[in-house]
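Report on the structure
Spelled out from the first residue to the last, the chains are:
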Amino acid sequence: QVQLVESGGGLVQAGGSLRLSCAASGRTFSRDTMGWFRQAPGKEREFVARITWIDTTYYADSVEGRFTISKDNAKNTVYLQMNSLKPEDTAVYYCAVRSYAASWYNYWGQGTQVTVSS
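Let us look at the structure shown here. Not measured: the values here are computed from a predicted model.

With that settled, the discussion passes to the pairing of strand β4 (residues 33-39). Burial of β4 is extensive: 6 of the 7 residues sit out of reach of the surface. Direction of pairing for β4 relative to strand β9 (residues 91-98): antiparallel, over a ladder of 7 bridges. What sits directly across from Phe37, in β9, is Tyr94. Of the strand pairs in this sheet, β4 and strand β5 (residues 46-51) are connected by 5 bridges, and their pairing is antiparallel. What sits directly across from Met34, in β5, is Ile51.

Below, the structure written as structure tokens:
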């Protein structure tokens, strides 16, 4: 059974930093794409960043240059370093996995709250 557990969320002032972690378990993820999404109150879930099994990264325009996604294959963990945080980054952040042959993300975590105060 695949399980994704996010951690590292919290309350931070604008301009501050947080690092989110997502620990994956249940099988090998060596050829999967790992991603981060977020959902703000009253809004739809949106893509934030992804990293492929060959470490290719891609970011939403809104976070490009401020957020960095990385992973540790030995620990089955993906990270999201968030710098220069803005109030509009406030959301529940979700970790997700897209299996190698899948067309979309097929495993999701429960989410971690990030709140940025102005």
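Another aspect to go through is the state of the cysteines. Defined simply, a disulfide is a covalent bond joining two cysteines at their sulfur atoms. Evaluated as defined, the whole model comprises 1 disulfide. Each sulfur of the disulfide joining Cys22 and Cys95 lies 2.1 Å from the other. A torsion of -75° about the S-S bond marks the disulfide between Cys22 and Cys95 as left-handed. Here Cys95 lies in strand β9 and Cys22 lies in strand β3 (residues 18-25), a separation of 73 residues in the sequence.

With that settled, consider the sheet that holds strand β7 (residues 67-72). Spatially, 4 strands are ordered β1-β3-β8-β7 in an open sheet, and the strand pairing comes out antiparallel. Two strands bound the open sheet, and with one partner strand each, they are β1 (3-7) and β7. Averaged over neighbouring strand pairs, the angle between their axes works out to 15° when direction is ignored. Summarising the sheet, β3 and strand β8 (residues 77-82) pair through 6 bridges and their orientation is antiparallel. From the neighbouring strand, Cys22 faces β8, where its bridge partner is Val78.

This structure, assessed with the given rule, holds 5 salt bridges. Glu46 serves as the salt-bridge partner of Arg38, at 2.6 Å between the closest nitrogen and oxygen. Residue classification places Glu46 among the partly exposed residues on the basis of a relative accessible area of 35%. Here Asp89 ties to Arg38 by a salt bridge, and the two come within 2.9 Å at their closest N and O atoms. Here Asp89 is found in the loop between β8 and β9, whereas its partner Arg38 is found in strand β4, with 51 residues between them in sequence. Through salt bridges that share partners, Arg38, Glu46, Arg66 and Asp89 make up one connected network.

A few words on the nonpolar core. If you look at the biggest cluster of nonpolar residues, it comprises 28 residues, and the most contacted ones within it are Trp36, Leu80, Met82 and Tyr93. Broken down by secondary-structure element, the contributors of at least two residues to this core are β3, β4, β5, β7, β8, β9 and β11 (112-117). Residues contacting Tyr93, with those up to four places away along its chain left out, are Glu6, Leu20, Trp36, Phe37, Arg38, Val48, Phe67, Leu80, Met82, Gly111, Thr112 and Val114.

Before going further, it helps to examine the pairing of β8. The side chains of a regular strand alternate, residue by residue, between the two faces of the sheet. With 5 of 6 residues buried, β8 lies mostly within the body of the structure. One ladder, built from 6 bridges, connects β7 with β8; its direction is antiparallel. Across the sheet, residue Asp72 finds its bridge partner in β8, namely Thr77. Here β7 folds back onto β8 in antiparallel fashion, the turn holding 4 residues, of which Asn76 has a positive phi close to 50°.

What counts, and at which threshold
Residues numbered from 1 in each chain as written. Predicted model: local features only at pLDDT ≥ 70, side-chain atom pairs only at ≥ 80, totals over all residues. Heavy atoms only, no water. Buried < 20%, exposed > 50% of the residue type's maximum accessible area, 1.4 Å probe, protein only. Helix = DSSP H or I, 4+ residues; strand = E, 2+ residues; numbered from the N terminus. Pairing = 2+ DSSP bridges. Disulfide = S-S within 2.5 Å. Axes fitted to C-alpha atoms, helices over the stretch in contact; angles between N-to-C directions. Salt bridge = Lys/Arg side-chain N within 4 Å of Asp/Glu carboxyl O. Core = buried A, V, L, I, M, F, W, Y, C linked by side-chain atoms within 4.5 Å. Contact = heavy atoms within 4.5 Å.

Remember that the coordinates give geometry; whether it matters functionally is a separate question.
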